[in-house]
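Now for the letters of each chain:
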Amino acid sequence: MSQDISVETILRLAPSARSSYREAFENGQSILDGSGILTTGLRLAHFMAQVLHESGGLTIQFENLNY
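What you see is a predicted model; the values in this text were computed from it and never measured. Residues take numbers from 1 onward in each chain, read along the sequence in its written order. Given that this is a predicted model, residues contribute local features only at a pLDDT of at least 70 and side-chain atom pairs are listed and counted only at 80 or more, while totals for whole chains, interfaces and linings are drawn from all residues. Excluding hydrogens and water, the side-chain figures rest on all heavy atoms present in the structure.

1. Observations regarding the overall build of the chain
Definition in use: Helix numbering and strand numbering both begin at the N terminus, where a helix is a DSSP run of H or I of at least 4 residues and a strand a DSSP run of E of at least 2. Only protein chains enter the accessibility calculation, which uses a 1.4 Å probe. A residue is then buried if its area is under 20% of the maximum for its type, exposed if over 50%, and partly exposed in between. It only takes one pair of heavy atoms within 4.5 Å for two residues to be counted as in contact. Working convention for charge: Lys and Arg count positive, Asp and Glu count negative, and His plus the chain ends are omitted. Every charge is mapped to an atom, namely NZ of Lys, CZ of Arg, CG of Asp or CD of Glu.
Summing up its helical and strand segments, the chain has 4 helices and 0 strands in all. Ordered by position in the sequence, the α and β elements of the chain form the string α-α-α-α. Taken along its principal axes, the extent of the C-alpha atoms in the chain is 40 × 25 × 20 Å. Considering the chain as a whole, with its 67 residues, one finds that 25% of them fall into the buried category. Pairs at least 24 apart in sequence give 65% of the contacts found in the chain among residues at least 6 apart. Across the chain, the mean location of the 4 positive side-chain charges is 4 Å away from that of the 7 negative side-chain charges.

Following this line, the structure appears as structure tokens:
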């Protein structure tokens, strides 16, 4: 059973999400389906945790390479 990630869910998880991220999730359902990320709730949870962490809650669009 495939999971679904809606823009409403994204906004609950990341209320300050940039519009580019919101559009990507709105238009990227087929890509997520094809990648296998949405095959289980656990895979989706891991994916979202990583994405939210790496992007500062979907507010950072470019990585700072000053380590």
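2. Some details on unusual backbone geometry
Even without being glycine, Leu58 reaches a positive phi, approximately 65°. Residue position: Leu58 is located in the segment after helix 4 (41-54). By relative accessible area, which is 0% here, Leu58 ends up buried.

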